[in-house]
Amino acid sequence: MLALPVAPGGEGGANAADAVSGLLVLWCGVRLVRDRRRPLSRTAAVVMGLPVVGLAAGVAGAVTPEAGLTGLTRYLQIFVLVPAAVLLSVRGRADFRLLAWSFVGLGLWQGAVGVHQYVTGTGASYVGEDIRAVGTFGATDVMGMATVVSFGLVCAVGLALGPCTVRQRTAAAVCAVALAAPLALSFSRGAWIATALACGLQVMLAGLRRAVGIFAAVAAVGVILVGGLGIGSALLQERMSSITQVTDAPDQSVNDRYTMWAAAVDMWREQPLTGVGLKSFPEYRDGRASLALSSGSETAGAGVAYRKQPLLSPHNMYLLVLSEQGLIGLLGLAGSWLALLVCALRRLARARRTGNGPSNGSGGLDCGLVACGLIVWQLVDFAYADIGGPSTVLTGVVLGLVAWWALADTASSSRTSGRRPAGAAEPEGAAAS
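So, how was this worked out
Residues numbered from 1 in each chain as written. Predicted model: local features only at pLDDT ≥ 70, side-chain atom pairs only at ≥ 80, totals over all residues. Heavy atoms only, no water. Helix = DSSP H or I, 4+ residues; strand = E, 2+ residues; numbered from the N terminus. Buried < 20%, exposed > 50% of the residue type's maximum accessible area, 1.4 Å probe, protein only. Contact = heavy atoms within 4.5 Å. Areas by Shrake-Rupley, 256 points an atom, 1.4 Å probe, with all protein chains shown as cover. Arc of directions from axis to C-beta. Axes fitted to C-alpha atoms, helices over the stretch in contact; angles between N-to-C directions. Parallel < 35°, antiparallel > 145°, perpendicular 65-115°, else oblique. Left-handed = near helix turned anticlockwise from the far one by under 90°. Nonpolar A, V, L, I, M, F, W, Y, C, P; charged D, E, K, R; others polar. Patch = residues over 30% accessible without salt bridge, like charges linked within 9 Å, V, L, I, M, F, W, Y side chains within 5 Å. Salt bridge = Lys/Arg side-chain N within 4 Å of Asp/Glu carboxyl O. pLDDT = per-residue confidence, 0-100. Phe/Tyr/Trp six-rings, centres within 6.5 Å; stacked < 30°, edge-to-face > 60°. Lys NZ or Arg CZ within 6 Å of the ring centre and 35° of its normal.

Enquirer: Just give me the short version of the overall build of the chain, but keep the residues and values in it.
Expert: Assigned secondary structure in the chain consists of 15 helices and four strands. Buried residues in the chain amount to 50% of all 433 residues. Residue pairs at least 24 apart in sequence account for 77% of intrachain contacts in the chain once pairs closer than 6 positions are excluded. By element, 65% of the accessible surface of the chain is carried by carbon and sulfur atoms, the whole surface being about 19300 Å².

Dropping the structure here:
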């Protein structure tokens, strides 16, 4: 669904991908009722259900009941229901790899559209030129393509590092290289940082000796392309150098972000435990933001006329949750994410100990690298972005993939004799049979 074009100038709200995610949740619920089995172990239920505690407090403090209900629905969809549905739907490593390759395919499609936009000058406006690659998401969601391409790149790197067939490793490596171009042309500094950290961690988790060789090769290629051949536009070089200048001479977008961060902290200080309520940040923003805050972000290009979008969030998921749900909400959400990261790393360590050769099914090492890379990317991304836009539903799918790798082996036994526990991993190849 996210491969389809988004209507130019759309005002947000539910889209086709959200509808499909709702059908997935409904189908999982019907299946569990029909089979009469316990879906998750206690550990998985606690980890997946932690965000609900803060959401309950956030709904109670919302400015209006409608805002609270809207926020509750969105948070439950992205952080509880869709991840749980994906966890329960993935039957084994074959299913996991299928979803990972789907991320790669979606990233290649959106990336191809983005590169075409850059070459033909039909993208979103950037420093006066319509060259910013945004894929089918349009100028009103400039982070959509960057997010999709980043997910695809992280999945491709994980699949390329896994000890599976030479064909898979080669195909994944080629896809990873191809996705680097549209990611660069997205001009998203945050996506660059998150992808570099996630892929760097994946390489190190695959083996330190291997990491040294890969890092050296990447550095050499970068020096040759940029330093020797001069590949890379002045805009890209300027955008990259601005990463280290955000405190010296920040642009207006960085000033707005700092101002909204300060406003979010002030909201939290007013209601430290429960926050100001779900979807209430815009109502409290102007009373706490300094005069340095602009009236909105400017968007144009990619089929959309010039307009100013209101700044409705602090562009930091942690501060958004802290301001609207307080410490209770932040501990619930962040605690769930950190638990997934720790459990994913522990299972990856077990997979490496049990063997990495193709003859024994690789222990799912490639799946583990994909899962760890995705959760690290998401945790870093949340430091400069929050939920919003059509691509947000992918966050729920990502968390579900990570949850399957981290928690599926802890699924409880079925109450019905002879039935496999929901969400439990099955032997390699069983899903295909």
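Enquirer: Outline helix α2 (residues 42–49), listing residues and values.
Expert: Structurally, the α-helix is built with 3.6 residues per turn, so residues lying three or four positions apart point the same way. Those residues of α2 that fall on the buried side of the exposure criterion are A44, V47 and M48. Projection of α2 onto a plane perpendicular to its axis shows the buried side chains occupying an angular sector of 95 degrees, all on one side. Along α2, exposed side chains directed more than 90 degrees from the buried face belong to R42 and V46.

Enquirer: Describe in detail the packing of helix α14 (residues 365–381) against helix α15 (residues 393–407), supporting the description with residues and values.
Expert: It is the contact of α14 with α15, at a shortest axis distance of 9 Å, that shows an interaxial angle of 135 degrees. With respect to their mutual orientation, α14 and α15 come out oblique. α15 is crossed by α14, and the crossing has left-handed handedness. Taken together, the residues of α15 that come into contact with α14 (itself represented by C367, G368, A371, L374, I375 and Q378) are T395, V398, L399, L401, V402 and W405. Residues of the contact of α14 with α15, tallied by class, amount to nine nonpolar, three polar and no charged.

Enquirer: Can you explain a nonpolar patch on the surface? Please cite residues and give values.
Expert: A cluster of nonpolar residues, V53, L273, L327, I328 and L331, forms a patch on the protein surface that exposes about 440 Å² of accessible area. The element best represented in the nonpolar patch is helix α13 (residues 317–354), accounting for three residues. Structurally, the position occupied by L331 is in helix α13.

Enquirer: Describe the confidence of the model for the chain, and please don't skip the residues or the numbers.
Expert: Residues at a pLDDT of 70 or more form 81% of the chain, whose mean pLDDT is 82. Under a pLDDT of 50 for its full length, residues 356–361 has, in the predicted model, 12 contacts with residues more than four places off or in other chains. Across residues 410–433, where pLDDT falls below 50, the model places 45 contacts with residues more than four positions away in sequence or in other chains.

Enquirer: Describe the pattern of salt bridges, listing the residues and the values that go with them.
Expert: With the rule as written, the count across this model stands at five salt bridges. Where R74 meets D18, a salt bridge forms, and the shortest distance between an N and an O atom there is 3.1 Å. Note that R74 is positioned in helix α4 (residues 65–89) and D18 in helix α1 (residues 16–35), a separation of 56 residues in sequence. Among the ionic pairs, D95 bridges to R91, the shortest N-O distance being 2.8 Å. The buried category is assigned to D95, whose relative accessible area is 13%.

Enquirer: Tell me what's going on with the packing of aromatic side chains, and back it up with residues and numbers.
Expert: Per the counting criterion, the structure on display carries 11 aromatic pairs. Relative to W404, the ring of F96 lies with its centre 5.7 Å away and its plane at 40 degrees, an arrangement referred to as tilted. Residue F96 is found in helix α5 (residues 93–120), and its partner W404 is found in helix α15; the two are separated by 308 residues along the sequence. Both residues of the pair, F96 and W404, belong to the buried class. Members of the aromatic cluster, connected to one another through ring pairs, are Y75, F79, Y318, W337 and F382. For R347, the ring lying beneath its charged end belongs to W404, and the centroid distance is 5.2 Å. Seen from the ring of W405, R347 lies directly overhead, with NZ or CZ sitting 4.4 Å from the centre.

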